[in-house]
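Structure assessment
The primary structure of each chain is shown beneath.
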Amino acid sequence: MAEKSLYVELISPENRLYDGEAAWVKLPGIEGSFAVLVGHAPLLSLLGPGEVTIKTHQEEKRFVIEGGFVEVSQDRLTILVEGAFLPQDIDKDKVQQELRSLYESVVSGENALQAREKKAAILRAQLRSASFLVG
Amino acid sequence: MATPREIKSRIQSIANTQKITRTMELVSTAKAKKAVDRVHASQGFAKKIRQLVQSLVDIEANFPLLRQVTKPARAAVLVLTANRGLCGGFNANVLRLAISHMQELQQQGVEVEIHLIGKKGVSYFNYRHLPYASKDTSMDDKPTYALASRYADSFMERFSRREIDEVGIIYTHYLSAAHQKPIYLRVLPIMEEVGEKKDTNRIYEPSREKILEELLPKAIRVTFFQAMLESVAGEHIARRIAMKNATDAAQEMIRTMTLAYNRARQAKITQEIAEIVGGAAAIEE
């Protein structure tokens, strides 16, 4: 008997990053990480910066995203992102450098601080994925 | 009548031009294919995000981006042209629509500011001494999402601050490989009709309002991005057709001129024989 599986699409405006079946998908929800399995209730969620893990029956695929949306409907997952990297493409030193210079820069005002925090969260997520890959 | 030598050099010159136009045709064919692929690649994202927006716009939210305008006072129009010519009526058609749309708005008492992308648009506006608010000639064969976002973000912010009441794009819309036409697309105020809701018991994380607030700017950005991609695809398709016509026209010219050349050569030979025969007859006498 064939196993039931999810149908997952990971798309950005510039290309289609993933399109196929999966056993489960782990997503960086805005209010915490969660996973979607077969039979999940319909959902529309915001995604924060972090890592999307798509587990197929053979392998695990990981993408680092800056944020986006996910729609779950009848075992179909559509993940919309504005851009994504593969963990192995991240240059750890460069990201670390960026993070450091980000915190050394002086900003004032509520909005600027929030923007900086957002940027830092993205960089930290990239760093985490890259470290996990090596370690 | 031209001498055979003159005709021959003219044929050679046309053949050289034909070589260039044929090469350009081939290059454009390849570029057009890539550009069309890019248009298709972005459609998945654009369609989905529009669908999501439509399933949410019914909520009574007071977002600056959802502001409805009854009588606009100031409009911003982004005009997308190519950086290069030799593509038939591509740029002229876009610019004609831009001018007529601008005049139409001005007649309604709307102040219009024009933003130009592409060298051809810039030089046309300069030539006619028409004012424009900004120009960008960096968009080449591969428009980036970052560029589209920059335009979209600045327009959205100014729309939210009520500096402008309408935002639109004039570009060459890609309908199919055989059909593109320049259109005016109004981006803001948003006029999304309410779509069907397929999952009434859908879970929203964190909330419908919050999601819509995040979705809207992305939907606008991708609209700009798509317009750019479609414009580039249209440019290459137009250039391919223009260059194909030029190649065919050169072929036809070479054909008629080869006929003229042969006729002139024949006439010259006949004349020479006549002269020799005439000369020989004169000696015999």
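To keep things clear, this report deals only with the structure shown in the data block.

1. Describing the overall build of chain B
Within chain B one finds five helices and six strands. Taken from the N to the C terminus, the helices and strands of chain B come in the order α-β-α-β-α-β-α-β-β-β-α. Over its C-alpha trace chain B gives a radius of gyration of 29 Å, far above what one expects of a compact globule, namely 19 Å for 285 residues. Its C-alpha atoms put chain B at 115 × 40 × 25 Å along the principal axes. Counting every position in chain B, which comprises 285 residues, the buried fraction comes to 45%. For chain B, restricting intrachain contacts to residue pairs at least 6 apart in sequence, the fraction spanning at least 24 positions comes to 77%.

2. Topic: the sheet that holds strand E3 (residues 134–136) of chain B
Residue and element names in this part refer to chain B. The sheet built from five strands is open, its strands ordered E3-E2-E1-E4-E5 with mixed pairing. The sheet terminates laterally at E3 and strand E5 (179–188), the two strands that pair on one side only. If you compare each strand with its neighbour and ignore which way they point, the axes differ by 25° on average. Relative to E3, strand E2 (residues 111–117) runs parallel, the two being bridged by three bridges. Within the sheet, the bridge partner assigned to Leu116 lies in E3 and is Lys135.

3. Examining the layout of surface pockets
Its boundaries defined by the atoms lining it, the largest pocket holds a volume of some 1,600 Å³. Taken together, 43 residues form the lining of the largest pocket, with Glu82(A), Lys118(A), Glu214(B), Lys218(B) and Arg221(B) sitting closest to its centre. Of all elements in the fold, only strand E5 (43–47), strand E8 (68–73), helix H1 (92–104) and helix H2 (110–134) of chain A together with helix H4 (145–160) and helix H5 (208–284) of chain B reach the threshold of two or more residues within the lining of the largest pocket. The element contributing the most residues to the lining of the largest pocket is H2(A), with 10 residues. Class assignment for the residues of the lining of the largest pocket results in 20 nonpolar, eight polar and 15 charged. For the lining of the largest pocket, the domains that each give at least three residues are domain 1 (6–85) and domain 2 (87–134) of chain A.

4. Topic: helix H1 (residues 4–54) of chain B
For H1(B), spanning 51 residues, the distance from its first C-alpha to its last is 71 Å, which sits close to the expected 75 Å at 1.5 Å a residue. Where H1(B) bends most, at Gln43(B), the angle is about 30°.

5. Details of the packing of aromatic side chains
Residues and elements named next belong to chain B. Counted according to the given criterion, the structure contains five aromatic pairs over all chains. Seen in terms of ring centroids, Tyr145 and Phe225 are 5.4 Å apart; in terms of plane orientation they differ by 90°. Their pairing is edge-to-face. Separated by 80 residues along the polypeptide, Tyr145 in helix H4 and Phe225 in helix H5 bring together distant segments of the chain. When sorted by exposure, Tyr145 lands in the same class as Phe225, which is buried. Arranged with centres 5.8 Å apart and planes meeting at 25°, the rings of Phe155 and Phe224 form a pair that is stacked. Separated by 69 residues along the polypeptide, Phe155 in helix H4 and Phe224 in helix H5 bring together distant segments of the chain. As far as burial versus exposure is concerned, Phe155 and Phe224 are alike and both buried. Through successive ring pairs, a cluster of aromatic residues spans Tyr124, Phe125 and Tyr132. The ring of Phe159 is capped by Arg67, whose NZ or CZ atom sits 4.5 Å from the centre of that ring. One cation-aromatic arrangement involves Arg208 over Tyr204; the distance from NZ or CZ to the ring centre is 5.1 Å.

So, how was this worked out
- Residues numbered from 1 in each chain as written.
- Chains lettered and ligands numbered in written order.
- Predicted model: local features only at pLDDT ≥ 70, side-chain atom pairs only at ≥ 80, totals over all residues.
- Heavy atoms only, no water.
- Helix = DSSP H or I, 4+ residues; strand = E, 2+ residues; numbered from the N terminus.
- Rg over C-alpha atoms; globule rule 2.2 N^0.38 Å.
- Buried < 20%, exposed > 50% of the residue type's maximum accessible area, 1.4 Å probe, protein only.
- Contact = heavy atoms within 4.5 Å.
- Pairing = 2+ DSSP bridges.
- Axes fitted to C-alpha atoms, helices over the stretch in contact; angles between N-to-C directions.
- 1 Å grid on protein atoms, 1.4 Å probe; cavity = no way out; pocket = protein on both sides within 12 Å on 5 of 7 lines; lining within 4 Å.
- Points joined across faces, edges and corners; volume = space filled by probe spheres on them.
- Nonpolar A, V, L, I, M, F, W, Y, C, P; charged D, E, K, R; others polar.
- Domains from an automatic or database assignment.
- Expected span 1.5 Å × (residues − 1).
- Bend = angle between axes of the 7 residues up to and from the residue.
- Phe/Tyr/Trp six-rings, centres within 6.5 Å; stacked < 30°, edge-to-face > 60°.
- Lys NZ or Arg CZ within 6 Å of the ring centre and 35° of its normal.

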